[in-house]
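Fold and geometry: a report
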Amino acid sequence: MPSQDAPGWPGIPARWTSSAKSGAGTALQPNSRVWFTLGHGIVDEVYYPRIDQACIRDLGLIVTDGASYFSEEKRDTSHAVEQPDNGVPFYRLVNTARDGRYRITKEILADPLRDVVLQRISFEALKGSPDDYNLYALLAPHLANRGAANTAWVGHYKGTPLLLAHGHGHALALASSAGWGDRSAGFVGASDGWQQLSKDYRLAETYHRAANGNVALVGQLPLTKANPQIILALGFGRTAEEAGHRAVASMHDGFEDATAAFVGPWKERAETLLDLGLKGEDEVRYQVSAMVLRTHEDKSFPGGAIASLSIPWGSSKGDDDLGGYHVVWSRDLVQTIGGLLAAGAHEDARRAIDYLYTTQEQDGSWPQNMWLDGKPHWRGKQLDETALPILLLDLARSEDCLSEEDLRRFWPMVLRAASHIVRNGPVTEQDRWEEDGGFSTFTIATAIAALLAAADIAERFDGSAIAAYLRATADYWNSKIDEWTYATDTPLSRKYGVEGYYVRIAPADGSDTPVRGDVIIRNRPDADPVPAENIVSPDALALVRYGLRSPDDPRIINTLKVLDGELKVDTPAGPCWYRYNGDGYGEQDDGRPFDGVGIGRLWPLLTGERAHYELAAGNRKRARELLRTFESFNGPGYLLPEQVWDREESPDPSLTFGKPTGSAMPLAWAHAEHVKLLRSLRDGRIFDQPGQSAARYETGARSDLTIWQFENKAETLASGTTLRIVLQKDAVVHWTADDWKSATDTPTSASALGVHVADLSTDGLPDRTVIRFTIHWTESRRWEGIDFACTIR
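Structure report, in brief. (Residues numbered from 1 in each chain as written. Predicted model: local features only at pLDDT ≥ 70, side-chain atom pairs only at ≥ 80, totals over all residues. Heavy atoms only, no water.)

**Some details on the pairing of strand 24 (residues 568-571)**
By the alternation rule, side chains of strand 24 split into Val569 and Thr571, which are all buried, and Lys568 and Asp570, of which none is buried. Bridge count for strand 24 against strand 25 (residues 574-577) is four bridges, and the pairing is antiparallel. Bridged to Val569 within strand 25 is Cys576. Between the antiparallel neighbours strand 24 and strand 25 lie two residues. (Buried < 20%, exposed > 50% of the residue type's maximum accessible area, 1.4 Å probe, protein only. Helix = DSSP H or I, 4+ residues; strand = E, 2+ residues; numbered from the N terminus. Pairing = 2+ DSSP bridges.)

**Here's the deal with unusual backbone geometry**
Of the consecutive residues Gly425 and Pro426, the connecting peptide bond is found in the cis state with omega at 0°. Its place among the elements puts Pro426 in the loop between helix 9 (404-424) and strand 18 (439-440). Following Met665, the chain continues to Pro666 via a peptide bond in cis, the omega torsion being 0°. By the secondary structure assignment, Pro666 is in the loop between helix 16 (620-632) and helix 17 (668-683). The backbone of Ala144 sits at a positive phi, close to 55°, despite the residue not being glycine.

**A look at the packing of helix 5 (residues 280-295) against helix 17**
The geometry of helix 5 relative to helix 17 is characterised by a closest axis approach of 9 Å and an angle of 135° between their N-to-C directions. As far as their axial angle goes, helix 17 and helix 5 are oblique. Pair helix 5 / helix 17 crosses with left-handed handedness. Along its contact with helix 5, which presents Arg285, Tyr286, Ser289, Ala290, Val292 and Leu293, the element helix 17 presents Ala668, His671, Ala672, His674, Val675 and Leu678. When grouped by side-chain class, the residues that make up the contact of helix 5 with helix 17 number eight nonpolar, three polar and one charged. (Axes fitted to C-alpha atoms, helices over the stretch in contact; angles between N-to-C directions. Parallel < 35°, antiparallel > 145°, perpendicular 65-115°, else oblique. Left-handed = near helix turned anticlockwise from the far one by under 90°. Contact = heavy atoms within 4.5 Å. Nonpolar A, V, L, I, M, F, W, Y, C, P; charged D, E, K, R; others polar.)

**Comments concerning the layout of surface pockets**
Of the volumes computed, that of the largest pocket is approximately 880 Å³. Residue lining of the largest pocket: 37 residues in total, with Ser18, Ser19, Ala20, His40 and Ser654 positioned closest to the centre. Of all elements in the fold, only strand 3 (42-47), strand 4 (54-64), helix 1 (73-76), strand 6 (77-82) and strand 7 (91-97) reach the threshold of two or more residues within the lining of the largest pocket. Considering every element that reaches the lining of the largest pocket, the biggest residue donor is strand 6, with three residues. Residue classes in the lining of the largest pocket are distributed as 13 nonpolar, 16 polar and eight charged. As for the second largest pocket, its lining consists of 25 residues, and the residues nearest its centre are Tyr325, Trp329, Trp378, Glu434 and Tyr585. Within the lining of the second largest pocket, the residues separate by chemical class into 12 nonpolar, three polar and 10 charged. (1 Å grid on protein atoms, 1.4 Å probe; cavity = no way out; pocket = protein on both sides within 12 Å on 5 of 7 lines; lining within 4 Å. Points joined across faces, edges and corners; volume = space filled by probe spheres on them.)

**Describing helix 2 (residues 193-200)**
All of the buried residues in helix 2 are Gly193, Gln196 and Leu197. Seen end-on, helix 2 carries its buried residues on one side only, within an arc spanning 95°. Those residues of helix 2 hidden inside the fold are in contact with strand 4, strand 5 (70-72), strand 10 (134-141) and strand 16 (215-221). Among the residues of helix 2, the N-terminal cap falls to Asp192, whose side-chain oxygen and the backbone nitrogen of Trp194 are separated by 2.9 Å. After helix 2 finishes, the residue Tyr201 shows a positive phi value of roughly 65°. (Arc of directions from axis to C-beta. Polar contact = N/O pair within 3.5 Å; in protein donor to acceptor, adjacent residues only side chain to side chain.)

**Let's talk about the pattern of salt bridges**
Side chains that differ in sign of charge can pair as their charged atoms come close. For the coordinates displayed, the defined rule picks out 70 salt bridges. One salt bridge connects Arg351 with Asp348, and the closest N-O pair in it is separated by 2.4 Å. Note that Arg351 and Asp348 are positioned in helix 7 (residues 346-359) at a spacing of three residues, about one turn of the helix. Taking the shortest distance from any N to any O, the salt bridge between Arg504 and Asp431 comes out at 2.6 Å. With Arg504 in the loop between strand 20 (500-502) and strand 21 (505-506) and Asp431 in the loop between helix 9 and strand 18, this residue pair connects regions lying 73 residues apart in the sequence. Both residues of the pair, Arg504 and Asp431, count as buried. (Salt bridge = Lys/Arg side-chain N within 4 Å of Asp/Glu carboxyl O.)

Right, dumping it as structure tokens:
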């Protein structure tokens, strides 16, 4: 055993690895709290003890001949990924050296009984014999989401030799069924095994320990005819002893027993999913998507599912980019569970709704994103992330996933969320792309649909007054969508020969025509304001998806013409769309990773959303064509990415037109959209379209209100409507319709939704009458000190 400490402290700055995954897996048993990912033929990030905590960068193999040959498995082989059983994340990787000298076959799974990832490795010499080669395992610990400040060493657990590391309250141990030859710990970029093997083709020097840095471990795996297969057991624990115990115990139990225990429950699950009438490769893709969605759920926090087991552009990201996509967005969680509901996985949906109930903030919202324990990560507020959980509950109800007692139990969550929406909407601090605030068509659509769904639930539990208030608010917002977000007589409308179109987002600038305001495009080198009327997005299709507009509405048809002209790209497999024109979230022009600025690329899930629109419009054949296109954007293992490359020219060999970029893969949201689209096509209707909004607005429901609140101050109201003043605290509204010649005091009434409301009747008042008012706050006994005005038109 080496005795000296490694030189080169602390190593080069730590980086994560590529987000181009070819597989992701976990055991279904709760005792196994590890999740693994695969990419470029090796094990990439492994997560422990929660799915939001990555604990290694990667674990791969190196082949040398001890004298002049060096080959790294992840860089110098061609990779094939196989799943022996459909819908089961048990993988077989076949890596064949491009120079034709060897082949490595690996079978990978998680031990169902322990926090251990197992690999069964076979090495085949295609030239010469196994004795001509040396095989090494290279492991990069990044414990608890940190590549820095880890300590690695070579040691043993009760006589079994191991490679060990600890840091940030976690530890790992790597055991080999064949034992180890030379072993060493080192600092990455200075004294790690890769440096020595690439230069000397052997471990000329070995080191016992590398402390408090960016570290790596290497160990030689004996290649003999007596050891045709080698088992590697990567165990985790709070201490090195705990990790070592698990690795040794798992290896002792054997790979075959672990395989049987791992595969059995996954196969049973696959067999219980809803039969969508698919055959062959179509069924395989369906099962992969359903498997990916289930794989993204945590075990310590049941129902909590992260957005992606990846770090976008990870090879350029260090410890400062804490989280990657392995945190919880309520929006992505709702999409994930919607996909699982579409596949008939009702138990998964119930766990997720329980999780949402527990992690809801006191004000009724959910964080922009959060760690699994509910601690906020980023601090923004997105109104759709409060609306979508209500819609998930309503969807689960419509799928007979929840009982009447379940609905009663979750009603407080719905009430708090609806309260937050009416108190803060329709304006959102951030849109669904997390970049701009204002009037977003997607956000408004989800908010209106959620209020109507909440109203239905309220009526079940003697909340008729609450239901009436929610419906009245929804009707008013629906009546104002065009005023807020529909642009007419613009350069774009003239370019495409249309009367108008829905914009991506309009600023809440206090005017009655926010669509004429300016927005700022994020993630671009310049942050100059851009006219809102110049920026469009497929977000507008949410007005159809959530039942607020008919698919043949002329305003929707007009918008489609602009969207396709500005955002559609015809890839070799078919059309895909940008999020919006001017998007800056993607690779830079020369292919370098996104680093805070870039150029947004094509999003496959938007092809899925467009297919849903086409289905709603009665174009079933077109919807099926778009399904095929959507599926063709996959990477290895049928995994769906966040983005695909958007042009024939490529500055980097890894960027291929219509194929995954360095963004997140797999993206759970994309797989959810895939499963929902399969279900929608089978049913002949949009699976997750709320019934309340479609029924209400197809019959032409109108609003007899104008709502004024500090968050959205109306400047005009229609003749004959009621002016509803909505405040956060108890007050008296002091108002006049004759320029203070006379005045009326109208006290507010408290609502169970946490707002205080005063309705001012305008019956009989002529056009152009200006209603002026101010506010006296009851508790503080003070006047607001300013007059507000609203004109009848």
